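For reference, the chains in residue letters:
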Amino acid sequence: MSAPTILVDADACPVKEEIYRVAERYGAQVRVVSNSPFRVPVSERVKRVVVADSFDAADDWIAENADARSVVVTADILLAERCLKAGARVLKHDGREFDAASIGSAIATRAIMEDLRAGMDGVGGGPPPFSKADRSNFLQALDRVLVGMR
């Protein structure tokens, strides 16, 4: 059986270093996908994929390359949905896993929040700050998923 591939939506990913370490432990391949170059470790396992600087180009590349031997790391709900349809496992940076049962409500919540933000000029927000607990949860989740793929 081929080694799993971890596809990283890299532009806003706070756990790239953790991904590299875990991938090395499990012999997984890593593709760091972004619109601009990122420094990646010198490794046969880790490859940087720089796509066109156009809207959704990185998402499109990830979705087109995701399959049942892939773990996708992203916070993008619509990309998560596309990757789930391709059979991939999908993790958020905080370790929560998107799956068939959770993706529908995540998309609905995203749409509601988008509508609310559109009606509130100047009101910002965004996700809470990334914490040590989030990092730890992510490491445990990635470990669990890769063990399950063996």
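Definitions and cut-offs
- Residues numbered from 1 in each chain as written.
- Predicted model: local features only at pLDDT ≥ 70, side-chain atom pairs only at ≥ 80, totals over all residues.
- Heavy atoms only, no water.
- Buried < 20%, exposed > 50% of the residue type's maximum accessible area, 1.4 Å probe, protein only.
- Helix = DSSP H or I, 4+ residues; strand = E, 2+ residues; numbered from the N terminus.
- Pairing = 2+ DSSP bridges.
- Core = buried A, V, L, I, M, F, W, Y, C linked by side-chain atoms within 4.5 Å.
- Contact = heavy atoms within 4.5 Å.
- Salt bridge = Lys/Arg side-chain N within 4 Å of Asp/Glu carboxyl O.
- pLDDT = per-residue confidence, 0-100.
- Arc of directions from axis to C-beta.
- Polar contact = N/O pair within 3.5 Å; in protein donor to acceptor, adjacent residues only side chain to side chain.
- Axes fitted to C-alpha atoms, helices over the stretch in contact; angles between N-to-C directions.

(A) Structural detail: the pairing of strand β1 (residues 5-9). When you tally the buried positions in β1, you get five out of five residues, the bulk of the element. Side-chain alternation along β1 places T5, L7 and D9 on one buried face and I6 and V8 on a second face that is also buried. Where β1 lies against strand β2 (residues 29-34), five bridges are found, and the strand directions are parallel. What sits directly across from I6, in β2, is V30.

(B) Highlighting the nonpolar core. I6, I19, V30, V71, L142 and L146 are the most contacted members of the largest nonpolar core, which has 24 residues in total. Among the elements that take part in this core, helix α5 (residues 132-149) stands out by supplying six residues, more than any other. Residues within four places of I6 in sequence aside, it is in contact with I19, A23, A28, Q29, V30, R31, V71, V73, L142 and L146. Residues V33, V49, L79 and A80 belong to the second largest nonpolar core, which totals 17 residues.

(C) How the structure looks around the pattern of salt bridges. Taken as a whole, this structure holds eight salt bridges when the rule is applied. Notably, a salt bridge pairs E81 with K85, separated by 3.8 Å at the nearest N-O pair. Of the two residues, E81 and K85 both sit in helix α3 (residues 77-85), four residues apart, roughly one turn of that helix. Residue classification places E81 among the partly exposed residues on the basis of a relative accessible area of 25%. Through salt bridges that share partners, R89, E97 and R144 make up one connected network.

(D) Broad picture of unusual backbone geometry. We note that D56 has phi near 70 degrees; this positive angle belongs to a residue other than glycine. Here D56 shows up in the loop between β3 (46-50) and α2 (57-65).

(E) Quick look at the side chain of H93. Relative to the elements of secondary structure, H93 occurs in the loop between β5 (89-91) and β6 (97-98). According to the relative accessible area criterion, H93 is buried, its value standing at 11%. The residues touching H93, leaving out its near neighbours within four places in the chain, are A12, C13, P14, V15, V73, T74, A75, F130, D134 and F138.

(F) Quick peek at the confidence of the model for the protein chain. For the protein chain, the average pLDDT comes to 88, and 83% of its residues sit at 70 or higher. Ranking the elements of the protein chain by mean pLDDT puts helix α4 (residues 100-118) last with 63 and strand β4 (residues 70-73) first with 98.

(G) α3, seen in detail. Inspection of α3 places I77, L79, A80 and C83 among the buried residues, and these make up the whole buried set. Angular distribution of buried residues about the axis of α3 spans 155 degrees; they occupy a single face of the element. The distance from a side-chain oxygen at the start of α3 to the backbone nitrogen of L78 is 3.0 Å, and the residue carrying that oxygen is D76. Note on α3: the residue one or two positions beyond its end, G87, has a positive phi of about 95 degrees.

(H) Examining the sheet that holds β1 more closely. A sheet is described by the order of its strands in space; here six strands give the open sequence β3-β2-β1-β4-β5-β6, paired in mixed fashion. Two strands in the sheet have a free side with no partner beyond their single neighbour: β3 and β6. By the bridge criterion, two bridges tie β5 to β6 in an arrangement that is antiparallel. Looking at the pairing, V90 lines up with F98 of β6. Each of β1, β2, β3 and β4 touches α2; the most contacted strand, β1, lies at about 165 degrees to it. Those strands touched by α5 are β1, β4, β5 and β6, and its axis lies near 165 degrees from that of β4.

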